[in-house]
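Examining the three-dimensional arrangement
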Amino acid sequence: MKPFDYVRASDAAEAHDTAGRIIAGGTNLIDLMKHQIETPSKLVDVTRLDMHEIAPSDDGLRIGALVSNSDLAAHDTVRRDYPVLSRALLSGATGQLRNKATTGGNLMQRTRCPYFYDTAQPCNKRQPGSGCPAMAGVNRILAVLGTSDQCIATHPSDMAVAMRALDARIEVARAGGGTETLPMDDFYVLPGDDPSVETVMQPGDLITAVHLPSAPTGHQTYRKVRDRSSYAFALVSVAAVVDTDGGKITEAALAFGGLAPRPWRDTDVEQVLLGETPSDALFDKAADVLLADAKGHGGNDFKIPLVRRTLKAVLADLTGVTR
Amino acid sequence: MQITLTVNGEDRALDVDPRVTLLDALREHLNLTGSKKGCDHGQCGACTILLNGRRINACLSLAVMHDGDEITTIEGLGQPGNLSPLQAAFVQNDGYQCGYCTPGQIMSAKGMLAELDMGWPSNVSADLTDIPDLTRTEIRERMSGNLCRCSAYPGICQAIEDAATEEGMTKREAAE
């Protein structure tokens, strides 16, 4: 690791340090610092701040940014009312990592693109303008939606995919004062011309909480497809909340992991389903809309048919369609 | 930086560079070499210790972040002649071959059994709200953060089952 100054923030004012890089669980950042992919000159440790609570809010649940992934997954209300979130968390990482990883840190984790991790290679995310060898290289785990000609990295979180399906909002305390509560599509930035910019977070900003709206009525599930059955990132994952009434689909919230630079949601897909009678043909139509702009790069072409099959399986399960 | 860690019940004052990981602080500064450095990137679990009672990868944490925290290492679990139930069960079941991953396996199992005791579900639990059973499938999923290159997994799983059963029996006896 490169040398850095260490500051233990004892209040919010100390956390809003525009010269510092925030550290909480550290399970991703310390790894990146060992590889010298991240070389902060100052670390601001926010773990002593009072952001460890999961509490009911006016309409749902407020999850403090420092709540560990394991505490969140095991929380009684989350297990009962937001099982898709509990399932997504439990499908990620390991017991040891979930004990350390935090809610805010999980949202801020970086891609696991092998070229981002290899400092001997060019990477537009590490060094904008240096190139992207992933496009014609080993891209099995990389994105097929929301990419640019600069970057095809995926966001690796499972937790965030479930949160996207649940319409979570991210509470950000700005360095200059004031708090914003952002929908996730306003929080994450697609790569465009500068893939080094991943979120709207500015130096000194701090994620303070995640807000979940009231629990949805539909059935929830998280299905993750990966290369081994435990401790592996998603090749494709689907977080789904679906309800039916009188043989028609009345609720559909679908978010996808492993496909894109951010937890992916496309409400046009849901519009295909709403009000319709569930059927294999309908699910195919929904997948057609999801994948209309999908683009593979050789090694990850398989994700396009894989997510179609995964989506159809999830929808069949949640609507009771026999396949 | 000056910090104090409570390691295996004893307060230990340290002066460390901010870059020193919790694992290196234990091994290089306190000479507690039971915790092993395998991958040093949180992938193998050989460095697993208990932090305030919870299992974590000591390699992915900075010592300076743990001023005042309680650490338990394999040395704090038991010693030759006075093994903990898990340590004894690993010996009994040959839960290792080279032994390098063993301290991490045992500390992870210790933390894992406490999580099970609290009723935490896992990715393989059929019902999120049920109290999970200690099935072989549950053990394998919950221990997936600990690799054994010698592939002594059958012995490791059996040792964990045996120790858990023994501790469960002890608890029942104490309750009666």
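Residues numbered from 1 in each chain as written. Chains lettered and ligands numbered in written order. Predicted model: local features only at pLDDT ≥ 70, side-chain atom pairs only at ≥ 80, totals over all residues. Heavy atoms only, no water.

**Comments concerning the overall build of chain A**
The cut-off we apply is this: Only runs of H or I of at least four residues qualify as helices and only runs of E of at least two qualify as strands under DSSP, and these elements are numbered from the N terminus. Only protein chains enter the calculation, and the probe is 1.4 Å; a residue is then buried if its accessible area is under 20% of its type maximum, exposed if over 50%, and partly exposed in between. Contacts are assigned to residue pairs with any non-hydrogen atoms lying within 4.5 Å of each other. To measure how exposed things are, a 1.4 Å probe is used in the Shrake-Rupley method; for residues, cover is taken only from the protein chains shown.
The number of helices and strands found in chain A is 13 helices and 12 strands. Counting only C-alpha atoms, chain A reaches 60 × 50 × 35 Å along its principal axes. Residues classed as buried in chain A amount to 58% of the 323 residues present. A fraction of 64% describes how many contacts in chain A between residues 6 or more apart in sequence connect residues 24 or more apart. Just so you have it, chain A exposes about 12400 Å², and 47% of that area is on carbon and sulfur atoms.

**Structural notes on the sheet that holds strand β1 (residues 5–8) of chain A**
Residue and element names in this part refer to chain A. Condition: One bridge is not enough; two strands pair if DSSP finds at least two bridges between them. Fitting a line to C-alpha atoms yields each axis, with helices limited to the stretch in contact; the angle taken between N-to-C directions then spans 0 to 180 degrees.
Read from one edge to the other, the open sheet built from 3 strands follows the order β1-β3-β2, with strand pairing classed as parallel. The open sheet terminates on both sides in strands that have one partner only, identified here as β1 and β2 (21–23). Neighbour to neighbour, the strand axes of the sheet diverge by 30° on average, direction disregarded. Pairing between β2 and strand β3 (residues 42–45): 3 bridges, direction parallel.

**Digging into the pairing of strand β4 (residues 54–57) of chain B**
Residues and elements named next belong to chain B. In terms of strand pairing, strand β3 (residues 48–51) meets β4 through 4 bridges, oriented antiparallel. Pairing of Leu 50 across the sheet is with Arg 55, part of β4. Counting the residues between successive antiparallel strands, the hairpin from β3 to β4 contains 2 residues, one of them, Asn 52, with a positive phi of roughly 50°.

**Quick word on the side chain of Ser70(A)**
Residue placement: Ser70(A) occurs in helix α3 (residues 69–74). Ignoring sequence-local partners within four residues, the contact set of Ser70(A) consists of Arg98(A), Asn99(A), Arg54(B) and Trp120(B).

**So, the layout of surface pockets**
To be explicit about the condition: The distinction between a cavity and a pocket rests on a 1 Å grid over the protein atoms alone: a 1.4 Å probe fits inside a cavity but cannot get out, while a pocket stays open yet meets protein on both sides within 12 Å along at least five of seven lines, and a residue with an atom within 4 Å of a point counts as lining. Grid points are joined across faces, edges and corners, and a volume is the space filled by probe spheres set on the points. Ten residues, namely Ala, Val, Leu, Ile, Met, Phe, Trp, Tyr, Cys and Pro, are considered nonpolar, four, namely Asp, Glu, Lys and Arg, are considered charged, and the remaining ones, Gly among them, are considered polar.
Estimates place the volume of the second largest pocket at around 530 Å³. As for the second largest pocket, its lining consists of 21 residues, of which His52(A), Leu66(A), Ser68(A), Asn99(A) and Leu51(B) are closest to the centre. Within the residue set of the lining of the second largest pocket, elements represented by two or more residues are α6 (95–100) of chain A together with β4 of chain B. Considered class by class, the residues forming the lining of the second largest pocket number 7 nonpolar, 9 polar and 5 charged.

**A word on the interface of chain B and chain A**
Heads up, the rule is: N or O atoms within 3.5 Å of each other form a polar contact, as long as, within protein, one can give a hydrogen and the other can take it, and as long as residues adjacent in sequence are counted only when both atoms are side-chain atoms.
Contact with chain B, which involves 41 residues of that partner, is made by 41 residues of chain A. Counting across the chain B and chain A interface gives 22 residue pairs in polar contact (both at pLDDT 80 or more). Those elements that place two or more of their residues in the side of chain B that touches chain A are β3, β4 and α4 (102–117) of chain B. Counting residues per element, the side of chain B that touches chain A draws most heavily on β4(B), which supplies 4 residues. Residue composition of the side of chain B that touches chain A, by class: 14 nonpolar, 18 polar and 9 charged.

**A word on the packing of aromatic side chains**
All names here are of chain A. Which entries qualify depends on this criterion: Any Phe, Tyr or Trp ring, taking Trp's six-membered ring, that has another such ring centre within 6.5 Å forms a pair; planes under 30 degrees apart are called stacked, those over 60 apart edge-to-face, and the others tilted.
What the rule picks out here adds up to 2 aromatic pairs over all chains. Ring centres 6.1 Å apart and planes at 75° place the aromatic pair Phe 116 and Tyr 117 in the edge-to-face group. Centroid distance Phe 187 to Tyr 188: 5.0 Å. Interplanar angle 90°. Geometry classified as edge-to-face. Among the residues examined, Phe 187 registers a relative accessible area of 0% and is labelled buried. Taking the relative accessible area as the measure of exposure, Tyr 188 reaches 3% and is therefore buried.

**Let's talk about empty space enclosed by the protein**
Where empty space is left in the structure can be found by rolling a water-sized probe over the atoms. Evaluated as defined, the whole model comprises 3 cavities of 30 Å³ or more. In this model, the largest cavity occupies a volume close to 110 Å³. As for the largest cavity, its lining consists of Ser70(A), Ala73(A), Ala74(A), Leu90(A), Gly95(A), Arg98(A), Arg55(B), Glu115(B), Trp120(B), Pro121(B), Ser122(B) and Arg142(B). The biggest single contributor to the lining of the largest cavity is α3(A), with 3 residues. Residue composition of the lining of the largest cavity, by class: 5 nonpolar, 3 polar and 4 charged.

**Some thoughts on helix α1 (residues 22–29) of chain B**
Residue and element names in this part refer to chain B. Here α1 lies mainly inside the structure; 6 of its 8 residues are buried. Where α1 is buried, its residues contact β1 (2–7), β2 (10–15), β3, β4 and β5 (70–72). Asn 31 sits one or two positions beyond α1 and adopts a positive phi of about 55°.

**Comments concerning the packing of helix α12 (residues 280–290) of chain A against helix α13 (residues 303–319) of chain A**
Residues and elements named next belong to chain A. Under the convention used in this document: Angle categories: roughly parallel below 35 degrees, roughly antiparallel above 145, roughly perpendicular from 65 to 115, and oblique for all the rest. We call a crossing left-handed when the near helix sits turned anticlockwise from the far one by less than a right angle, and right-handed when that turn is clockwise.
At their nearest, the axes of α12 and α13 sit 9 Å apart, and the two run at 135° to each other. In terms of their interaxial angle, α12 and α13 are classed as oblique. Crossing angle aside, the handedness with which α12 passes α13 is right-handed. Across the interface between the two elements, Asp 280, Phe 283, Asp 284, Ala 286, Ala 287, Asp 288 and Leu 290 from α12 touch Val 307, Arg 308, Leu 311, Lys 312, Leu 315, Ala 316 and Thr 319 from α13. Of the residues contributing to the contact of α12 with α13, the split by class is 8 nonpolar, 1 polar and 5 charged.

**Points about the confidence of the model for chain B**
How we decide: Each residue carries a pLDDT value, the predictor's own confidence for that position, ranging from 0 to 100.
Looking at chain B as a whole, the pLDDT averages 94, with 95% of positions reaching at least 70. Contacts of residues 169–176 of chain B to residues separated by more than four positions or lying in other chains number 1 contact, the stretch itself having pLDDT below 50.

**With respect to unusual backbone geometry**
At Asp167(A), a residue that is not glycine, the phi angle is positive and equals roughly 60°. Examined against the element boundaries, Asp167(A) turns out to sit in the loop between α9 (159–165) and β6 (169–173). Exposure remark for Asp167(A): the relative accessible area of 40% places this residue in the partly exposed category. Look at Asp40(B): it is not a glycine, yet its phi comes out positive at around 65°. Overall, Asp40(B) belongs to the buried group, its relative accessible area being 18%.

**Comments concerning the UniProt feature "domain: FAD-binding PCMH-type" (unreviewed entry) in chain A**
Here is the rule we go by: UniProt positions are given in the numbering used here, feature names are shortened, and annotations may be inferred rather than shown by experiment.
In this numbering, the UniProt entry assigns the feature "domain: FAD-binding PCMH-type" (unreviewed entry) to residues 1–217 of chain A. A helix fraction of 26% and a strand fraction of 16% characterise residues 1–217 of chain A, whose end C-alpha atoms lie 48 Å from each other.

**Details of the domain arrangement of chain A**
Heads up, the rule is: In this document the domain limits rely on a domain assignment from an automatic tool or a database.
Its domain assignment divides chain A into domain 1 (5–47) and domain 2 (219–319). Taking only C-alpha atoms into account, the centre of domain 1 of chain A sits 36 Å from that of domain 2 of chain A.

**Describing the nonpolar core**
Quick note on the threshold: What is meant by a nonpolar core is a set of buried Ala, Val, Leu, Ile, Met, Phe, Trp, Tyr and Cys residues, joined one to another through side-chain atoms within 4.5 Å.
With 48 residues, the main nonpolar core has Val46(A), Ile63(A), Leu72(A), Leu85(A), Leu107(A) and Met163(A) as its most contacted residues. By residue number, the principal contributor to this core is α9(A), which donates 6 residues. Looking at which domains feed residues into this core, each of domain 1 (5–47) and domain 2 (219–319) of chain A supplies at least three. Core analysis: the second largest hydrophobic core is formed by 33 residues, Ile23(A), Val20(B), Leu32(B) and Ala58(B) among them.

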